[in-house]
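# A closer look at the structure
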Amino acid sequence: MPLIIRSTAQQTPKHYGITSPISLVLPKELDLVLTQKLTEALKPFGVFEEELELQRRILVLGKLNTLVKEWIHEISESKNIPASLIENVGGKIFTFGSYRLGVHTKGADIDALCVAPRHVERSDFFTSFYDKLKEQEEVKDLRAVEEAFVPVIKLSFDGIEIDILFARLALQTIPENLDLRDDSLLKNLDIRCIRSLNGCRVTDEILHLVPNIENFRLTLRAIKLWAKRHNIYSNILGFLGGVSWAMLVARTCQLYPNAVASTLVHKFFLVFSKWEWPNPVLLKQPEDCNLNLPVWDPRVTPSDRYHLMPIITPAYPQQNSTYNVSVSTRNIMVEEFKQGLAITDEILQNKADWSKLFEAPNFFQKYKHYIVLLASAPTEKQHLEWVGLVESKIRILVGNLEKNEFITLAHVNPQSFPGPKEGIDKEEFSTMWVIGIDFKKMEGSEHLNVDLTFDIQSFTDTVYRQAITSKMFEPDMKITVMHVKRKQLHQLLPDLVIVKRRKHSTEGLRGMNDSSVDLSLDSDNSMSMPSPTSTSSSAAVKRFFIILFLVIAQGTTDNSASTPSSLGPPAGKRPGSTLQSEKEKKLKDTYLVIRFSMLNSKMASADLSDVPLLPANPIPVLKNSIKLRLSR
């Protein structure tokens, strides 16, 4: 009898996830060949790091770990900790994010966590440890962000960018074999330490919840590259960040535990193109540790019921990693899942190569109408802060546009672009984002009046209000928003991104794929890219914005100007305002002339010296007002 029981136990596979697997089929020879082809297709995109670079990272982390141990030893002595404890006081650097998951790309930064015993204070980390780092000749660009939601020290160590968080545990010493997944470690910790620990705990749980780590890693590399190439990789803008993509891939691995990467990529698109959102994606059953920490639970928390695409982190306290997702971003991602499924169907049938999956679609040919958002500031430091704030609020603008009754979709491109300077002699730094807009197809009327002023004004008011509250605002920090048609985009954006469509040819799309900015770099928060240095692509942009800013500067300069009463309340779908009075009509026509006349081909080809000076008292315009008359 004991032998029978043992035999039965051996035949029962380990169960992963909250449901039984969909298939336990083992890979065939063809699956292994396709997986090898997938690996080869990924290599040109720089998603694999060379062995030398990997060893360099390990060396740098080893040095950092030694520094942490030395620092904790010194702190312990200064606080008169008994010598017997100091000898084994410990302290350790843990990693999380893409590096810990084993899917980091060339040049990616490292997310790290410094874990210290209970007698080491957070203030020590931001003073004496900061000073110790400053003394190291390999350390450059050292900066502390102590007031952040998750406080962090940022630095470059021997050329490798590292973000270090801090957690103080309620332990006398930190053992080398410490397992951060242990929920009891969270007892008696302050909320900042719990937040700091969360990244490591989630990453470690994911790795423990997948049946085959190597298959998981190769699949995740492929999905992350695909998401970046298709402009849907950005937590801050309402798409998915790195941890969310990792959890979706992990769930796929649980459902097909014996599959190799080529099969898993296909099954990923199959599962999530048919997923019935907002049913949550869970890697394990949530556990309650009775620590009274807030967890994602729509039965208890009403706001959780409104999350559109919940993907729940597996470590306590469980959270939804996709709370930024909006109606538009979810629709865009689901459509991309469906297209991914169609392409991988072709690949498995030997009708296409893996390279087709990673072709970058031409975002700038996809929509007829675009909203261009420009954030500018007079100094590089102010610009970095300003761009960070504006980018973090763009999802509010997308949400506002979604509520307009004439808009079906607002698609923000996660890649940002360099903006032009306001004046030739004036030093200024600026960044642009582009939002594709789909207007509803309305029957009957030949023309449609759409007013986006309220949508934009409420967004800019939110940004300015937060900047003032956080004491970050400077007078020359500006936001400008404008409507641009598809055929005019090439005058606003770098040539390497905009490719004109050629009739009966896919050459333009291929050109876009070959020359577009490399999207393989790791960034869980955004897809902002460095500014291209080409001057030829920015000349027309500068002409456009110089005139635009001159007009605006002499017009209405109050960013908090009152919203026209006809715009109605913000709740629900807002009706497009009808431009009834002659005064409103004149304002609309004048504004559109100013917006669009600057984009005609003659102005684009003119030298700066040929641009006539504006009259001393130009017709005033309402800043950031967009009123459109669309022909059907």
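No experiment lies behind these values; they were computed from the predicted model shown.

### Thoughts on the UniProt feature "binding site: Mg(2+) 2" (unreviewed entry) in the protein
Mapped onto the present numbering, the UniProt feature "binding site: Mg(2+) 2" (unreviewed entry) falls at Asp109, Asp111 and Asp163. Spanning 55 residues, the named residues nonetheless gather at one spot, since no C-alpha pair among them exceeds 7.6 Å. Counting through the fold element by element, Asp109 comes out in the loop between α5 (97-101) and β2 (110-116). What Asp109 contacts, discounting residues up to four positions off in sequence, is Arg57, Glu161 and Asp163. Note that Asp163 resides in strand β5 (residues 160-168). Note on Asp163: relative accessible area 18%, which makes it buried.

### A word on the packing of helix α9 (residues 242-255) against helix α10 (residues 261-273)
Contact pair α9 / α10: the axes reach a minimum separation of 9 Å and the direction vectors enclose 105°. Relative to α10, the element α9 lies roughly perpendicular. Here α9 contributes Trp245, Leu248, Val249, Arg251, Thr252, Cys253 and Leu255 to the contact with α10, which in turn contributes Leu264, Lys267, Phe268, Val271 and Phe272. Looking at the contact of α9 with α10 residue by residue, the class counts come to nine nonpolar, one polar and two charged.

### Notes on the environment of Gln319
You can see Gln319 is positioned in the loop between α10 and α11 (327-348). Gln319 sits 24 residues away from Val295 along the chain, and the two C-alpha atoms are 5.7 Å apart.

### Things to note about the confidence of the model for the protein
When the pLDDT values of the protein are averaged, the result is 79; 74% of them are 70 or greater. Ranking the elements of the protein by mean pLDDT puts helix α18 (residues 601-605) last, at 29, and α10 first, at 98. For the stretch residues 1-12, pLDDT sits under 50, and the model shows zero contacts to residues farther than four places along the chain or on other chains. The low-confidence segment residues 502-623 (pLDDT under 50) makes 221 contacts with residues lying over four places distant or belonging to another chain.

What counts and what doesn't
- Per-chain numbering applies: the sequence of each chain, read as written, is numbered from 1 onward.
- Owing to the predicted nature of the model, reporting of local features is limited to residues with pLDDT of at least 70; listing and counting of side-chain atom pairs is limited to 80 or more, with chain, interface and lining totals taken over all residues.
- As a rule here, side-chain values come from all non-hydrogen atoms in the structure, and water together with hydrogens is ignored.
- UniProt positions are given in the numbering used here, feature names are shortened, and annotations may be inferred rather than shown by experiment.
- Where helices and strands are cited, they refer to DSSP runs of H or I of at least four residues and of E of at least two residues respectively, numbered from the N terminus.
- In this description, contact between two residues means that some pair of their heavy atoms is separated by no more than 4.5 Å.
- Here the term buried applies to any residue with accessible area under 20% of the maximum for its type, exposed to any over 50%, and partly exposed to those in between, with areas from a 1.4 Å probe on protein chains only.
- An axis is simply a line fitted to the C-alpha atoms; with a helix, the fit covers only the stretch in contact. Between two such axes, the angle follows the N-to-C directions and lies from 0 to 180 degrees.
- Here the word oblique covers every angle except those under 35 degrees (roughly parallel), over 145 (roughly antiparallel) and from 65 to 115 (roughly perpendicular).
- Residue type decides the class: Asp, Glu, Lys and Arg count as charged, Ala, Val, Leu, Ile, Met, Phe, Trp, Tyr, Cys and Pro as nonpolar, and the leftover types, Gly among them, as polar.
- One number per residue, pLDDT, summarises how confident the predictor is, and it ranges from 0 to 100.

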